[in-house]
Amino acid sequence: MSRPVLAQIDLQALKDNLQVVRRAAPASRVWSVVKANAYGHGLDRIWSALSATDGFALLNLEEAILLRERGWKGPILLLEGFFHADELPLLDKYRLTTSIHSNWQVKVLQNAKLHAPLDIYVKVNSGMNRLGFPPERVHSVWQQLRAMQNVGEMTLMSHFAESELPDGITAPMARIEQAAEGLNCPRSLSNSAATLWHPQAHFDWVRPGIILYGASPSGQWQDVANSGIKPVMTLRSEIIGVQTLKAGDAVGYGSRYRASGEQRIGIVAGGYADGYPRIAPNGTPVWVDGVRTGTVGAISMDMMAIDLTPCPQAGIGSPVELWGNEIKIDDVAAAAGTIGYELMCALAPRVPVVTV
């Protein structure tokens, strides 16, 4: 590792966050959502730390197969189901649970030649209008699937668009109840926000994602500060250069920042090619040698500038936390006008990753 920038993954924090979920939904089983390469943390790197989960939920067949090959024998749920008919033999071979959200999937499943029935999750569109059957169609689709030899256990699933709001699941729950009328079926409805804040939606399986990795589903760290959730990923680097500016001196591309007086700035090895948001504005928080300060000027591909006024002792080699335990990823994301999810998933392949 010649450059000092690196990402550290705290596996104990991941285990602890799963226990937070258990305490929040004690009567439910847990799908740990590990899509998008475990939200940028590295599926192969972290899955064993979540081995106390009841099942893993993801999107790609390749990731599901990786879990099987690593020895996971429990349930694996394909959240978007299968995308082509020729994938059914692999679902059969690796015993994967698939969501069913469209008519063509129903037909493909009916015509497939399987060694044993597949467990399925029937998705109802509760108002998000991405995937799923409309509530008025769910009963007929359910009965059609229930009659198939290729279908094993069936669960009703949905997804909430605004579960971070106090009344954000009211209208969706009404649509789900309409869909479930007359069906005595298990349900999986709750994402991270509903797992934390809407116990009436827990039912049989919850599906936490972002809270496992230590960020807030609302995008505001304060909303989970007392939950016990801990950041899992820390992005850190070091100061590799120091400049002393005079009044009027500019910093970085586009001269987006000019000093109002004499000012020391530190140059940090880390930029948008490492996954840090290029659009982060002046003052985006960073932690330098134990002191909170902020960025100045435009974020470059490989470097960024930070204000050393609050930390005059800092110099070349001083440690810098870009996000982690001291600087919450939600705060960096909010400053840049995005969400912590995106920053996690955008961690660049060139950044070395270590686990602790």
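- If you look the protein up in an unreviewed UniProt entry, it shows as Alanine racemase from Leclercia pneumoniae.
- UniProt's Sequence similarities (unreviewed entry) comment on the protein is quoted here verbatim: "Belongs to the alanine racemase family."

### Section: the overall build of the protein
- When you go through the protein residue by residue, the secondary structure sums to eleven helices and 18 strands.
- Along the longest, intermediate and shortest principal axes, the C-alpha atoms of the protein span 75 × 40 × 35 Å.
- Buried positions account for 54% of the 356 residues belonging to the protein.
- Long-range contacts, defined here as pairs at least 24 residues apart, represent 63% of the contacts in the protein between residues at least 6 apart.
- A total of about 15400 Å² of accessible surface is found on the protein, and carbon and sulfur atoms cover 50% of it.
- If you average the places of the 31 positive and of the 33 negative side-chain charges in the protein, the two averages end up 3 Å apart.

### Details of the UniProt feature "binding site: substrate" (unreviewed entry) in the protein
- As recorded in UniProt, the feature "binding site: substrate" (unreviewed entry) lies at R130 and M301. Sequence-wise these annotated residues cover 172 residues; spatially they are dispersed, their C-alpha atoms as much as 34.6 Å apart. Among the residues just listed, R130 line the second largest cavity.
- Relative to the helices and strands, R130 is located in the loop between β6 (118-123) and α7 (135-146).
- Residue classification places R130 among the exposed positions, given a relative accessible area of 56%.
- Along the chain, the position of M301 falls in the loop between β15 (291-296) and β16 (303-307).
- The class for M301 is partly exposed, based on a relative accessible area of 41%.

### What about the sheet that holds strand β7 (residues 151-157)?
- Taken together, eight strands build a closed barrel; the order of strands is β2-β3-β4-β5-β6-β7-β8-β9 and the barrel is parallel.
- Bridging between strand β3 (residues 55-58) and strand β4 (residues 76-78) involves three bridges; their strand directions are parallel. In the strand pairing of β4, L58 is matched with L78.
- Across the sheet, helix α8 (residues 170-180) touches β7 and β8 (187-190), and the angle it forms with β8 is around 170 degrees.

### What to know about the side chain of N125
- Within the secondary structure, N125 is located in the loop between β6 and α7.
- Here M128 takes part through its backbone nitrogen, which lies 3.4 Å from a polar atom of the side chain of N125.
- Once you skip the residues sitting within four places of it in the chain, N125 turns out to touch L131, G132, F133 and P135.

### Remarks on the packing of helix α6 (residues 103-111) against α7
- Relative to each other, α6 and α7 sit at 10 degrees, their axes nearing to 11 Å. Judged by the inter-axis angle, α6 sits roughly parallel to α7. Of α7, the residues touching α6 (which contributes N103, V106, L109 and Q110) are R137, V141, Q144 and L145.
- Among the residues making up the contact of α6 with α7, the classes are represented as four nonpolar, three polar and one charged.

### Thoughts on empty space enclosed by the protein
- Scanning the model with the defined rule gives two cavities of 30 Å³ or more in all.
- Estimated volume of the largest cavity: approximately 60 Å³.
- Taken together, the residues that form the lining of the largest cavity break down as seven nonpolar, two polar and one charged.
- Reported here for the second largest cavity is a volume of approximately 50 Å³.
- Residue lining of the second largest cavity: K123, V124, N125, S126, M128, R130, L131, S158 and H159, and that is the complete set.
- Counted by class, the lining of the second largest cavity contains three nonpolar, four polar and two charged residues.

So, how was this worked out
Residues numbered from 1 in each chain as written. Predicted model: local features only at pLDDT ≥ 70, side-chain atom pairs only at ≥ 80, totals over all residues. Heavy atoms only, no water. UniProt positions renumbered as here; feature names shortened; annotations may be inferred. Helix = DSSP H or I, 4+ residues; strand = E, 2+ residues; numbered from the N terminus. Buried < 20%, exposed > 50% of the residue type's maximum accessible area, 1.4 Å probe, protein only. Contact = heavy atoms within 4.5 Å. Areas by Shrake-Rupley, 256 points an atom, 1.4 Å probe, with all protein chains shown as cover. Lys, Arg positive; Asp, Glu negative; His and termini not counted. Charge placed at Lys NZ, Arg CZ, Asp CG, Glu CD. 1 Å grid on protein atoms, 1.4 Å probe; cavity = no way out; pocket = protein on both sides within 12 Å on 5 of 7 lines; lining within 4 Å. Pairing = 2+ DSSP bridges. Axes fitted to C-alpha atoms, helices over the stretch in contact; angles between N-to-C directions. Polar contact = N/O pair within 3.5 Å; in protein donor to acceptor, adjacent residues only side chain to side chain. Parallel < 35°, antiparallel > 145°, perpendicular 65-115°, else oblique. Nonpolar A, V, L, I, M, F, W, Y, C, P; charged D, E, K, R; others polar. Points joined across faces, edges and corners; volume = space filled by probe spheres on them.

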